[in-house]
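Below, each chain spelled out in residue letters.
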Amino acid sequence: MGELYILIQRFLAWEAIYLTFSYFLFGICLVNTVGILLAKFQANRKLISLYRALGANRGVIMKIHFLEILMLTVASVALGFVLAFAGLELMFHLRMYQADYMAFAEQVRQIYQFDGELALLTTIGIFLAVGISGLYPIYRSSRVSPAAELRG
C-alpha cells in the first residue's frame, strides 16, 4: 500500500511540473501572438494611412483590425474542433484495433468522447486570450500618422 501511495505522489509531482510548463508555453504563445500581430499591422501601415487619409477615424481602424482578428480566431477554433473530432475518432478506432475488437464499443467510446463543456471553456479562453493580446497591436496600428506614411 505504501509503494502505491509513493508512486501516486511521484506522478502528481510530475503532473504539477507539466502544468507549470503548460502555463509557460501559453504565455510564450501569447507573447508571440502580440509580436506577429504587431508585425502584420506594421506591414499594413500604408493601407492604414490611406484609410485615415480618406476619413476613417481611429475607432473604425480598431474595429476593422479587431474584426479581422476575430474572424481568424473563429476559423482557428473551427479547425481545432474538426481536428479534435478526427483525432478522437482515430484514437477510438486504434484502441478497438488494439483490443482486437473484443472490447465493448460503448465503453471504449465513453473514453474517447468529445467533452463539450471543456471545449466551451477552452473556446471562451481562446477568445479572451486572443482579444486581450490583440489590443496593444490594434492600438498601435490605429496611431499611425497618415501624412508621414503616405509621403514616402
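Here the residue index of a chain counts from 1 through its sequence in written order. Owing to the predicted nature of the model, reporting of local features is limited to residues with pLDDT of at least 70; listing and counting of side-chain atom pairs is limited to 80 or more, with chain, interface and lining totals taken over all residues. Neither water nor hydrogens contribute to the side-chain values; these are computed over all heavy atoms in the structure.

K.L.:
Even after reading the chapter, I still don't get the side chain of serine 142, so can you show me in this structure?
P.N.:
Take serine 142: it is sitting in helix α5 (residues 116-142). When a residue's accessible area, from a 1.4 Å probe over protein chains only, is under 20% of the maximum for its type it is buried; when over 50% it is exposed; and in between it is partly exposed. We classify serine 142 as buried; its relative accessible area is 1%. Note on contacts: a residue pair is in contact if any heavy atoms of the two residues lie within 4.5 Å. The residues touching serine 142, leaving out its near neighbours within four places in the chain, are Arg52, Arg58, Ile61 and Met62. Here a strand is any run of E in DSSP of at least two residues, a helix any run of H or I of at least four, and the numbering for each starts at the N terminus.

K.L.:
Where do I start with helix α2 (residues 45-53) in this structure?
P.N.:
Think of an α-helix as 3.6 residues a turn; residues three or four steps apart then line up on the same face. Of the positions making up α2, those classed as buried are Ile48, Ser49 and Arg52. Looking down the long axis of α2, one finds its buried residues gathered within 100 degrees of arc, a one-sided arrangement. Phi turns positive one or two residues past the end of α2, at glycine 55, with a value near 115 degrees. By definition, the arc is the one covered by directions from the helix axis to the C-beta atoms.

K.L.:
Just to check I follow, could you spell out the packing of aromatic side chains for this structure?
P.N.:
To describe a pair of aromatic rings, you give the distance between the ring centres and the angle between the ring planes. Two rings belonging to Phe, Tyr or Trp (six-membered ring only in the last case) form a pair when the distance between their centres is within 6.5 Å. Interplanar angles under 30 degrees mark stacking, angles over 60 mark edge-to-face geometry, and anything in between is tilted. Scanning the model with the defined rule gives two aromatic pairs in all. A ring pair is formed by phenylalanine 81 and phenylalanine 114, whose centres lie 5.7 Å apart and whose planes are at 80 degrees; its orientation type is edge-to-face. In this pair, phenylalanine 81 is assigned in helix α3 (residues 58-98) and phenylalanine 114 in the loop between α4 (105-111) and α5, connecting sequence segments 33 residues apart. The partly exposed category is assigned to phenylalanine 81, whose relative accessible area is 30%. The structure contains a cluster of three or more aromatic residues connected by ring pairs, namely Phe81, Phe85 and Phe114. Above the ring of phenylalanine 92, the side-chain terminus of arginine 109 is found at 3.7 Å from the ring centroid. We count a charge as sitting over a ring when the NZ of a lysine or the CZ of an arginine lies within 6 Å of the ring centre and within 35 degrees of the ring normal.

K.L.:
For this particular structure, what's the right way to read the packing of α3 against α5?
P.N.:
Packed helices, taken two at a time, are described by the angle between their axes plus the distance between the axes. Packing of α3 against α5 brings their axes to within 9 Å, and their N-to-C directions diverge by 150 degrees. By the angle between their directions, the pair α3 and α5 is classed as roughly antiparallel. Crossing geometry of α3 relative to α5 is assigned as right-handed. Of the residues in α5, those in contact with Arg58, Ile61, Met62, His65, Phe66, Ile69, Leu70, Thr73, Val74, Val77 and Phe81 of α3 are Ala119, Thr123, Ile126, Phe127, Val130, Gly131, Gly134, Ile138, Tyr139, Ser141 and Ser142. Only Asp, Glu, Lys and Arg are considered charged in this grouping, and only Ala, Val, Leu, Ile, Met, Phe, Trp, Tyr, Cys and Pro are considered nonpolar; every other residue, Gly among them, is considered polar. Classifying every residue of the contact of α3 with α5 by side-chain character gives 14 nonpolar, seven polar and one charged. Axis definition: a line fitted to C-alpha atoms, over the contacting stretch in the case of helices. Angles run 0 to 180 degrees between N-to-C directions. What sets the label is the angle itself: under 35 degrees gives roughly parallel, over 145 gives roughly antiparallel, 65 to 115 gives roughly perpendicular, and the rest give oblique. In a left-handed crossing the near helix is turned counterclockwise from the far helix by less than a right angle, and in a right-handed crossing that turn is clockwise.

K.L.:
Any chance you could explain the pattern of salt bridges here in plain terms?
P.N.:
Side-chain pairing between opposite charges can occur once the charged atoms of the two side chains come close. Think of a salt bridge as a Lys or Arg side-chain nitrogen and an Asp or Glu carboxyl oxygen that are within 4 Å of each other. Applying the stated criterion across every chain yields a total of two salt bridges. The partner of glutamate 68 in a salt bridge is lysine 40, and the shortest N-O contact between them spans 2.4 Å. Remark: lysine 40 occurs in helix α1 (residues 2-43) and glutamate 68 occurs in helix α3; sequence separation between them is 28 residues. A residue is classified by how much of its surface remains accessible, and glutamate 68, at 25% relative accessible area, is partly exposed. Assessed through its relative accessible area of 29%, lysine 40 is described here as partly exposed. For the salt bridge of arginine 109 with glutamate 89, the shortest nitrogen-to-oxygen distance reads 2.8 Å. With arginine 109 in helix α4 and glutamate 89 in helix α3, this pair connects stretches of sequence that are 20 residues apart. Looking at arginine 109, the relative accessible area reads 31%, which means it is partly exposed. For glutamate 89, a relative accessible area of 30% corresponds to the partly exposed category.

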